[in-house]
Amino acid sequence: MSKVPVVSVLSLKGGVGKTSVTLGLAGAATVRGLATLVIDLDPQGNATSILAAVEPTATAADLLANPTLANLHNSLTPCAWEVAPGEVDVIASSPELIQHDAFKSAAAFKPRLARALEKLDGYDLVLIDCPPSLGTLTRDALAASDLAIIVATPTYFGLQGAERAADEIEEIRKNHNKKLKLLGVLPNRVKSVAEEHDFRIKELGSIFKKQVLTPPIPDRIAFQQAESFGKPIQTLGTAGSREVSAIFDKHLTKLLRAINS
Ligand SMILES: Nc1ncnc2c1ncn2[C@@H]1O[C@H](COP(=O)(O)OP(=O)(O)OP(=O)(O)O)[C@@H](O)[C@H]1O
Ligand SMILES: [Mg+2]
């Protein structure tokens with residue numbers, strides 16, 4: 001298990017904003033001067049295509065295949081984000097990651113990422129961007145984490161996905177990683193004028209009670225602008241990006257408090 005705090009961002013459902021939340025929190029952390037490592041465990045590699053500034057010497061797939069200290073060091077890849085004063089590095093995705101997502105029975109599952117990160121040093125925070133499944137990769141991320149954040153859109157299927165993710169966190173906590181805690185469920189892409197969204201956020205509250213993280217993240221075009229420019233949302237300088245950056249900063253405060261409690 002890593003000595004550096006590790007936070008997994010997950011959801012069963014695809015496209016709900018896991019990568020956007022991971023990068024939003026990474027941006028908030030660097031603004032505060034925290035040295036941050038993003039691990040891209042999604043074979044799609046969306047976080048990698050935004051963050052990795054150079055061709056990685058080793059990827060997350062190499063690290064899982066062979067969790068040695070040499071592979072760990074080789075996998076730490078610099079990022080070109082210039083958000084003084086902090087720094088972001090990335091452990092890059094690769095299409096080969098899919099080979100590490102194959103189904104394993106509960107008895108056969110052996111956490112590998114936790115082992116690979118045992119000797120990690122020199123960072124203040126690690127954020128893991130999980131794939132849209134609750135397969136072995138997400139289980140590996142959870143087994144290596146101190147905290148988990150479930151991202152959910154305020155929709156019928158979004159809520160179902162959040163409940164399944166919470167069950168998975170509980171299973172990993174019981175059987176593999178006693179220190180794992182759920183920070184909470186973060187509603188994303190919330191439209192303030194949509195009655196359906198109001199209804200689903202109330203429903204989320206009745207299921208997860210105080211574990212629904214506030215404020216929710218609104219639906220803003222700044223997310224798409226940030227990813228197409230390959231820039232942290234904190235540096236866009238638009239009204240929407242400022243609004244969202246302030247929200248990420250609040251969630252970062254909560255996250256750091258939970259880590260230190
Ligand atoms: N709050 C938001 N407002 C507007 N657009 C958003 C918001 N959050 C995410 N998006 C957009 O939605 C799309 C999907 O987001 P993202 O890639 O972060 O989801 P994901 O859960 O990581 O997807 P996947 O499951 O494929 O990994 C992206 O184009 C992103 O820009
Ligand atoms: Mg993603």
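This structure is a prediction, so every number in the text was calculated from the model and none was measured.

K.L.:
What exactly am I supposed to notice about the nonpolar core here?
P.N.:
Grouped burial of nonpolar side chains is what soluble globular proteins tend to show. Grouped together as the largest cluster of nonpolar side chains are 79 residues, with contacts concentrated most on I128 and I149. I149 has contacts with V7, V9, V21, L183, G184 and L186, leaving out every residue within four places of it along the chain.

K.L.:
How should helix α1 (residues 18-31) be read in this particular structure?
P.N.:
Residues spaced three or four apart along an α-helix point in a common direction, a consequence of the helix completing one turn every 3.6 residues. With 14 residues, α1 extends 20 Å between its outermost C-alpha atoms, agreeing within 8% with the 20 Å of an ideal straight helix rising 1.5 Å per residue. Among the 14 residues of α1, 13 are classified as buried, and the element is accordingly described as predominantly covered. Positioned one or two residues after α1, G33 has a phi angle of 90 degrees, which is positive.

K.L.:
Even after reading the chapter, I still don't get the pairing of strand β4 (residues 87-91), so can you show me in this structure?
P.N.:
The two faces of the sheet receive side chains in turn, since in a regular strand these alternate between them. Among the five residues of β4, five are classified as buried, and the element is accordingly described as predominantly covered. Here β4 shows no split at all, with E87, D89 and I91 on one side and V88 and V90 on the other all buried. In this sheet, β4 lies alongside strand β2 (residues 35-40) in parallel orientation, the contact comprising five bridges. The residue bridging T36 from the neighbouring strand is V88, located in β4. Two strands pair when backbone bridges link them, and strand β3 (residues 76-78) and β4 are joined in this way by three bridges, in the antiparallel orientation. Paired with T77 across the strands is V90, a residue of β4.

K.L.:
What is the right way to read the packing of α1 against helix α10 (residues 239-260) from this model?
P.N.:
When two helices pack together, their arrangement is given by the angle between the helix axes and by the axis-to-axis distance. The contact between α1 and α10 brings their axes to 9 Å, and the two run at 80 degrees. Overall, the two elements α1 and α10 adopt an arrangement that is roughly perpendicular. Judged by residue contacts, G24, L25, G27, A28 and A29 of α1 engage V244, S245, F248, D249, H251 and L252 from α10. A breakdown of the residues in the contact of α1 with α10 according to their chemical character gives six nonpolar, four polar and one charged.

K.L.:
Can you walk me through the site of ligand 1 in this structure?
P.N.:
Neighbouring ligand 1 are 19 residues, the closest being G14, K18, T19, S20 and P132. For the shell around ligand 1, a count of residues per class yields four nonpolar, nine polar and six charged.

K.L.:
Before we go on, may I ask you to explain the environment of V9 in this structure?
P.N.:
For V9, the position within the fold is in strand β1 (residues 6-10). Note on V9: 28 C-beta atoms within 10 Å, which makes it buried. C-alpha of V9 to C-alpha of D129: the two residues are 120 residues apart in sequence and 5.5 Å apart in space. Other than its neighbours up to four places away in sequence, V9 contacts K18, V21, T22, L127, I128, D129, C130, I149 and V151.

K.L.:
Before we go on, may I ask you to explain α10 in this structure?
P.N.:
When the terminal C-alpha atoms of α10 are compared, their 32 Å separation across 22 residues agrees well with the 32 Å that a helix rising 1.5 Å per residue should span. When α10 is considered as a whole, its buried residues turn out to be S241, V244, S245, I247, F248, H251, L252 and L255. The buried side chains of α10 occupy one side of the element, clustering within an arc of 165 degrees when seen end-on. What points out from α10, more than 90 degrees from its buried face, is the exposed set A239, A246, T253, R257 and N260. At its buried positions, α10 is contacted by β1, α1, β6 (147-152), β7 (181-187) and α9 (222-229).

Criteria and thresholds
Residues numbered from 1 in each chain as written. Chains lettered and ligands numbered in written order. Predicted model: local features only at pLDDT ≥ 70, side-chain atom pairs only at ≥ 80, totals over all residues. Core = buried A, V, L, I, M, F, W, Y, C linked by C-beta atoms within 7 Å. Buried ≥ 20, exposed ≤ 12 C-beta atoms within 10 Å, placed from the backbone. Contact = placed C-beta atoms within 7 Å. Helix = DSSP H or I, 4+ residues; strand = E, 2+ residues; numbered from the N terminus. Expected span 1.5 Å × (residues − 1). Pairing = 2+ DSSP bridges. Axes fitted to C-alpha atoms, helices over the stretch in contact; angles between N-to-C directions. Parallel < 35°, antiparallel > 145°, perpendicular 65-115°, else oblique. Nonpolar A, V, L, I, M, F, W, Y, C, P; charged D, E, K, R; others polar. Near = placed C-beta within 6 Å. Arc of directions from axis to C-beta.

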